[in-house]
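Topology and contacts: notes
Chain by chain, the residues run as shown.
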Amino acid sequence: MPEVVGIHHITAMAGHPQQNLDFYTGVLGLRLVKVTVDFDDSETYHFYYSDGLGQPGTLLTFFPWQRALPGRAGVSQVAIISLAIPQHSLGYWMHRLMEKGIGYEGPHHREVPGNNGPEEVRVLAFKDPDGLSLELVAVPSTPAVRCWAGAPVPEESAIRGIFSAQIWVAQAEPSLQMLEALGYRRLGQVATINYLGLPQESNLLGRLEVREVGGLMAGRGGVGTVHHIGLGVPDVQNQHGIRELLRRKGVRVTPDQDRPYFRSFYFREPGGVLLEVATHTPGFTLDEPFESLGTGLRLPEWLEPARSEILSKLPSIHYASPLPVRSDLEEATDALISGNQVTFSADSNHPDALK
């Protein structure tokens, strides 16, 4: 029976693209692994941030819409994104956030249900420049990640991936049953929050939290809110199996979408939150080598003929994106890293239909 294997990515809406870049790479230390555009609105960038490899489970992506209005967290939305950090790095992150002028709450102790019983974690809560609610969750054990050479955060303290995403729904039970059908299992409940994880004992990340908020005000999409959660599957065959499972349950799904770094489709779970089912392949080295991920604007084949026009309408951005250090490329990367400053300047299938 096909099942999802965790969170592939989370996509949110931002305001100014440079502000978004500076925060997620310069403050949080994530690597920009892909710069492309919103395929439904090519005048808008689409940024992908992750660990040094662009691995599923570490991906945060953003549409920076400078002219969009601020959104509001509420019912039928993803309200909080929690990112995992090593337990020993909590003090480092407290100092770093203070140094960067980022206000935070905590650290708070929190007991969360896990695969092997309750787990004690410590949490720093803060917001990104557009008001998106984020948490750094210090956990005893985290998977290893590959950092990038130019990261401002040392590897031993680097963000390890998406610990969890919390969705707010009026009634939890229908959403819980849907997520269980997709492969998640209930780990426990604390107050109004239901915790779900994956059956793999080694899978510490990619959890979901379903919070029942009753008659809370409805969410409003816009800058500083999450657009959707992408749930990961290994390949197209598993993706098609999940599509058929949902269809049998009477769930409306979109046609397949070619992103082209993964294939996907969208649907809304019973609480109204938009979900995507995304394949792990072909990945982000499809159109640029690993060493230079995120250092150029990439367009799909159908938009390439309009590249000049698209560039003329996109706002200029600048960022430093050094190559990851690799033992067999140290001399070459050292030369490139020293001056790797990049500037871009003027040189009913849509998921939002599921409302």
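Each remark here, short or long, concerns the structure printed above.
In what follows, the accompanying structure is described.

Scoring rules and cut-offs
Residues numbered from 1 in each chain as written. Predicted model: local features only at pLDDT ≥ 70, side-chain atom pairs only at ≥ 80, totals over all residues. Heavy atoms only, no water. Pairing = 2+ DSSP bridges. Helix = DSSP H or I, 4+ residues; strand = E, 2+ residues; numbered from the N terminus. Axes fitted to C-alpha atoms, helices over the stretch in contact; angles between N-to-C directions. Contact = heavy atoms within 4.5 Å. Buried < 20%, exposed > 50% of the residue type's maximum accessible area, 1.4 Å probe, protein only. Phe/Tyr/Trp six-rings, centres within 6.5 Å; stacked < 30°, edge-to-face > 60°. Lys NZ or Arg CZ within 6 Å of the ring centre and 35° of its normal. Lys, Arg positive; Asp, Glu negative; His and termini not counted. Salt bridge = Lys/Arg side-chain N within 4 Å of Asp/Glu carboxyl O. Polar contact = N/O pair within 3.5 Å; in protein donor to acceptor, adjacent residues only side chain to side chain.

1. Side note on the sheet that holds strand β6 (residues 104-114)
- Judged by pairing direction, the sheet is mixed, and its eight strands sit side by side in the order β6-β7-β8-β5-β9-β12-β11-β10 without closing on themselves. Bordering the open sheet on either side are β6 and β10 (185-190), each of which pairs with just one other strand. Across the sheet, the mean angle from the axis of one strand to that of its neighbour is 25°, orientation sign disregarded.
- Of the pairings in the sheet, the one linking strand β11 (residues 193-197) to strand β12 (residues 207-212) comprises four bridges and is antiparallel in character. Its bridge partner lying in β12, Tyr195 is registered against Glu209.
- In the packing of helix α2 (residues 90-99) onto the sheet, contacts are made with β5 (77-86), β6, β7 (117-127) and β8 (133-139), and the angle to β7 comes to roughly 10°.
- Seen against the sheet, helix α3 (residues 172-181) touches β9 (161-169), β10, β11 and β12 and runs at an angle of roughly 160° to β12.

2. Let's talk about the pairing of β5
- The buried fraction of β5 is high, at ten of ten residues.
- Of the strand pairs in this sheet, β5 and β9 are connected by seven bridges, and their pairing is antiparallel. Following the sheet pairing, Leu83 is matched in β9 by Ile162.
- Pairing between β5 and β8: six bridges, direction parallel. Residue pairing for β8: Ser82 is matched across the bridge by Glu135.

3. Topic: the packing of aromatic side chains
- Throughout the structure, instances matching the rule amount to 13 aromatic pairs.
- Aromatic pair Tyr92 and Trp93: ring centres 5.6 Å apart, planes at 90°, arrangement edge-to-face.
- Residue Tyr92 is classed as partly exposed on the basis of its relative accessible area of 25%.
- Under the relative-accessibility criterion, Trp93 is labelled buried at 0%.
- Aromatic ring contacts, followed pair by pair, group Phe23, Tyr24, Tyr45, Phe47, Tyr49 and Phe62 into a single cluster.
- When the ring centre of Phe290 is taken as reference, the NZ or CZ atom of Arg31 above it lies at 5.5 Å.

4. Here we look at the side chain of Glu209
- In this fold, Glu209 is placed in strand β12.
- In this structure Glu209 is buried but unpaired, with Arg110 as the nearest side chain of opposite charge at 5.0 Å.
- Side chain to side chain, Glu209 and Gln166 meet in a polar contact 2.7 Å long.

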